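Structure assessment
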Amino acid sequence: MNGADRLLAHGIATREDLPIPFSFALGGAVAALVVSFLVLAFLWREPRLDADRAGRPVPQPVARVVDSRGFRFALRLLGAVVTAYVVMAAVIGRDDALNPVPGVVYALFWVGVPVASILFGPVWRRLNPIRAVHWAVARALGGRPDQGLARPPRWLGYWPAALSLFAFIWLELIDQPDNDTLPVLRTWFAVYLLVHLLAATVWGSGWFRVGDGFEVYSTLFGRLSVLGRRGDDRRLVLRNPLAGVSGTPIRAGLVGVVTVLLGSTAYDALANAPWWIVRVQTWPLPAKVTETLGLLGTIALIAVAFTIAARLSGLGTGLSTGRLTGEYSHSLVPIAAGYVVAHYWSFLVIVGQQT
C-alpha cells in the first residue's frame, strides 16, 4: 500500500464537519459567555436552582433495577467486552480502512459517550475499563479499590483531567495524518492506561472522578441529563437539566476542563480556515508546533474571556477572581455541550455508521 492509498484509507483525520468560519465560532463563544453573564448579573440575581432537592423520583421498580448490583455489573461487563474487542482489533487487526478502531475511538467514544451522557447521565463511570482493571488488580492483591496509599492534594483538583483531555485533543487535531493509525492509538492508550492505573493505585479509585479526563468529561455532560440524583439522598429523579449542572462540585481545575473543551472545538473550526492553513504552511516553525500554539492560544482566549466575564459579573461582591470563576464554572458546561453536539453531530452519525 503506498502513501496516498494509506491516507485515503485513514480518512477520519481529514474529515470536514459542518465547516464554520473561525471568526463565527470564536465570536459565538465569546458572545455566549458575555451575554450569559450579563443576564445573570441583571436578571437572575437570586439562586433559583437547587440540585439537592430538584426533580421527581422515578418509579421504584425502575430505580431498583438501575441501583441493583446486577445492573451495575452488567454495565461493567459490557465495557470490558467492548474494550476487549477493540483491543483485539488494535493488536492483531490489519491497519487498513476496514479496521474499526479509529472509528470507535474518534466517533463512538470521543463523541458518542458525551452524547449518551447528556441523555442518560454519566455512563462512562460505569463502563470505564480502567476502573475495571484497577478493581481486579486491587482485589487480586487483597486490597480495597477505594483505598490508596494517600489522598490526592486538594489543589490538584480537576487539573489532571484537563491535561488528559488536552493530550487526547492534541492527538485528534494536531497529530495528523498518523493519529488514526494503529501503532499511534495503541501507544497513546497504553500510556494513558498505565498513568491512570498508577495514580489510582496511589490515591484510590476516587482518582477517576477527578483525574480521568474521559470520566470527568462524561460526568460533566451527564449533569445535563434529565436523569440524575439528588444530593441529599442520592435518589434517582427526573429533573431540570440546569438543576443538575448547578450542583457541579467546585474544584480547582474545573475552569481548565471546560475551557479546554470549548477552546478545542473553536480551534477545530480554525484549523479548516484557509488563512490559518496558509499560516501553518508558511510559518518558520514546524507545522505541528504552530498548530499546537494555535490550539493553546484558542483555549487561552476562551479562558481569558470567561475570566473577564466572571470578574465583571461579580463587581461589588467583594469576591476574588478565583472564587468567581469557580462559582461560574458550571455555567460553561451547557455551552460546551452545545458546541460539541453542533460541531460533531454529523461526524458521529456518518462515521459512526461506517464504524
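Residues numbered from 1 in each chain as written. Predicted model: local features only at pLDDT ≥ 70, side-chain atom pairs only at ≥ 80, totals over all residues. Heavy atoms only, no water.

Looking now at helix α11 (residues 213-222). Given 3.6 residues per helical turn, the α-helix brings residues three or four places apart onto the same face. With ten of its ten residues buried, α11 lies for the most part within the structure. Listed in full, the buried residues belonging to α11 are Gly 213, Phe 214, Glu 215, Val 216, Tyr 217, Ser 218, Thr 219, Leu 220, Phe 221 and Gly 222. Where α11 begins, one side-chain oxygen reaches toward the backbone nitrogen of Phe 214, 3.1 Å away; that side chain belongs to Asp 212. (Buried < 20%, exposed > 50% of the residue type's maximum accessible area, 1.4 Å probe, protein only. Helix = DSSP H or I, 4+ residues; strand = E, 2+ residues; numbered from the N terminus. Polar contact = N/O pair within 3.5 Å; in protein donor to acceptor, adjacent residues only side chain to side chain.)

Attention shifts here to the sheet that holds strand β1 (residues 56-57). Taking strand neighbours across the sheet as the criterion, the three strands line up as β1-β3-β2 in an open arrangement whose pairing is antiparallel. Pairing within the sheet leaves two strands with one partner each, and these edge strands are β1 and β2 (227-229). Of the pairings in the sheet, the one linking β1 to strand β3 (residues 236-238) comprises two bridges and is antiparallel in character. Of the residues in β3, the one forming a bridge with Pro 57 is Val 237. (Pairing = 2+ DSSP bridges.)

To continue, consider the environment of Val 257. Topologically, Val 257 is positioned in helix α13 (residues 254-271). Under the relative-accessibility criterion, Val 257 is labelled buried at 0%. Measuring from C-alpha to C-alpha, the distance between Val 257 and Leu 165 comes to 7.6 Å, with 92 residues separating the pair along the chain. Leave out the neighbours within four places in its chain, and Val 257 touches Tyr 158, Ala 161, Ala 162, Leu 165, Val 216 and Leu 220. (Contact = heavy atoms within 4.5 Å.)

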